[in-house]
Amino acid sequence: MAQILLAVLLVLAGGYALPDLARWRDFSWLQVWLAQWTRASGDAARPRFAAALLPLLLFVLCELIQLVLGHVLFGLPGFAFAVVVLFYCWGPRDLDADIEAVLKAPDSDRRVAAVQALRADDATAPLAFESAPLVEATFTAALSRWFGVLFWFVVLGPAGALGYRVVQLLARHPGFADGVDATQSELLERTARILDWAPAHLVALTLALVSDFDAVIKTWRDYHAAHGKGYFTLDLGFLGALAKAGIDADVEAGDGYASDVSNPLVELADAQRVLRRILVGWLALIALAALIVLTH
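These numbers were taken from a predicted model, which means no experiment stands behind them.

**Let's talk about the layout of surface pockets**
Here comes step 1: Taken as a whole, the largest pocket spans an internal volume of roughly 1,200 Å³.
Here comes step 2: Surrounding the largest pocket, 41 residues form its lining, Arg 119, Ala 120, Asp 121, Ser 144 and Arg 172 being those nearest its centre.
Here comes step 3: Taken together, the elements giving at least two residues each to the lining of the largest pocket come down to α2 (28–39), α7 (131–156), α8 (158–172), α9 (182–210) and α11 (238–252).
Here comes step 4: Top contributing element to the lining of the largest pocket by residue count: α7, with eight residues.
Here comes step 5: Here the residues of the lining of the largest pocket sort into 16 nonpolar, 11 polar and 14 charged.
Here comes step 6: Taken as a whole, the second largest pocket holds about 470 Å³ of empty space.
Here comes step 7: Taken together, 20 residues line the second largest pocket, and the ones lying closest to its centre are Leu 12, Gly 15, Tyr 16, Asp 94 and Asp 96.
Here comes step 8: Among the elements of the structure, α1 (2–17), α5 (95–103) and α12 (264–294) are those that each provide at least two residues to the lining of the second largest pocket.
Here comes step 9: Each residue belonging to the lining of the second largest pocket can be placed in one class, and the counts come to 13 nonpolar, one polar and six charged.

**Digging into the packing of α5 against α12**
Here comes step 1: Closest axis-to-axis distance for the α5/α12 pair is 10 Å, and the angle between their directions is 160 degrees. Judged by the inter-axis angle, α5 sits roughly antiparallel to α12. The way α5 lies across α12 gives a crossing that is left-handed. Contacts between α5 and α12 pair Leu 95, Asp 96, Ile 99, Glu 100, Val 102 and Leu 103 from the former with Leu 265, Leu 268, Ala 269, Gln 272, Leu 275 and Arg 276 from the latter.
Here comes step 2: Class assignment for the residues of the contact of α5 with α12 results in eight nonpolar, one polar and three charged.

**Here's the deal with the UniProt feature "transmembrane region" (unreviewed entry) in the chain**
Here comes step 1: Here the UniProt-annotated "transmembrane region" (unreviewed entry) positions come out as residues 49–65, 72–90, 146–167 and 278–295.
Here comes step 2: Taken as a whole, residues 146–167 contains 95% helix and 0% strand, while its terminal C-alpha atoms sit 15 Å from one another.

**Some points on the pattern of salt bridges**
Here comes step 1: The final tally for this structure, using the stated rule, is 13 salt bridges.
Here comes step 2: Residues Arg 145 and Asp 98 are paired through a salt bridge, measuring 2.7 Å at the closest nitrogen-oxygen approach. Placement of Arg 145 in helix α7 and of Asp 98 in helix α5 is noted, with a sequence separation of 47 residues between them.
Here comes step 3: A relative accessible area of 6% places Asp 98 in the buried class.
Here comes step 4: A network of salt bridges, in which partner residues are shared, links Arg 172, Glu 189, Arg 193 and Asp 196.

**Some thoughts on the packing of aromatic side chains**
Here comes step 1: By the definition in use, this model includes eight aromatic pairs.
Here comes step 2: On the numbers, 4.9 Å between centres and 55 degrees between planes, the contact of Phe 147 with Trp 282 is tilted. Of the two residues, Phe 147 is situated in helix α7 and Trp 282 in helix α12; the sequence distance between them amounts to 135 residues. Here the two residues Phe 147 and Trp 282 agree in accessibility, since each one is buried.
Here comes step 3: When the centroid spacing of 5.0 Å and the interplanar angle of 85 degrees are considered together, the rings of Phe 151 and Trp 152 count as edge-to-face.
Here comes step 4: Exposure remark for Trp 152: the relative accessible area of 16% places this residue in the buried category.
Here comes step 5: Through a chain of ring-to-ring contacts, the aromatic side chains of Phe 27, Trp 29, Trp 33 and Tyr 88 assemble into a single cluster.

Parameters and conventions
- Residues numbered from 1 in each chain as written.
- Predicted model: local features only at pLDDT ≥ 70, side-chain atom pairs only at ≥ 80, totals over all residues.
- Heavy atoms only, no water.
- 1 Å grid on protein atoms, 1.4 Å probe; cavity = no way out; pocket = protein on both sides within 12 Å on 5 of 7 lines; lining within 4 Å.
- Points joined across faces, edges and corners; volume = space filled by probe spheres on them.
- Helix = DSSP H or I, 4+ residues; strand = E, 2+ residues; numbered from the N terminus.
- Nonpolar A, V, L, I, M, F, W, Y, C, P; charged D, E, K, R; others polar.
- Axes fitted to C-alpha atoms, helices over the stretch in contact; angles between N-to-C directions.
- Parallel < 35°, antiparallel > 145°, perpendicular 65-115°, else oblique.
- Left-handed = near helix turned anticlockwise from the far one by under 90°.
- Contact = heavy atoms within 4.5 Å.
- UniProt positions renumbered as here; feature names shortened; annotations may be inferred.
- Salt bridge = Lys/Arg side-chain N within 4 Å of Asp/Glu carboxyl O.
- Buried < 20%, exposed > 50% of the residue type's maximum accessible area, 1.4 Å probe, protein only.
- Phe/Tyr/Trp six-rings, centres within 6.5 Å; stacked < 30°, edge-to-face > 60°.

Below is the structure:
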């Protein structure tokens, strides 16, 4: 667990100190793999769920590499491999940079253009420059870029982080749509929601702790009561509702800043601060787990 914490800290520090390294997070090779695999034996002979099986193949391959490297030179190559994979799967765009681009845009036109980088992908509808959609999109982006990757890295190591990122890309990135038919797309989307379920709930719980607890918990109950599906479903729309409630409560309380909930820039800036608090909270939990492991 201590190695996991150190790997995460190195990735965060590297991303902050050397932002240009983010350009290496290029998954174009995955498009090539997908195209070659689905065309390998012709349409009649190829596996029915070829695209859906690709994340599993990469997960197993990554796990084998980690297993081999973990027994070489006291595990140092394995640790370095884990750091590289986590850094590669983080993002791939820098969320803080995208938020800062919106906050520091010199005019409204460039601000609206910068906002579009917070969307899940280019296939979704343009994002309106309004408080609610802006906060919801920011938290959704944080789930995909930060917390989903971090959760599965902690649980399953670098193979978990890579598997999560590949599923997200195949399920939701328009660049992979040509190699995924309707049946596989539905399976991949369901898998992506399953992988998002645990980190989304953990983000919600941490949000309640670092923001207005009563507002977040009340909104959580009201959301599920209104939709009538219960807590154990793949409907993750609650996260956007909770994010808006928590940010509104923070802004209304002042929290040391302007208290205008109708101002999208004010809410976006507070969302960025809250997301950083959530990330720090997760790191604190990992550090606590590492301490417990070291003392036993």
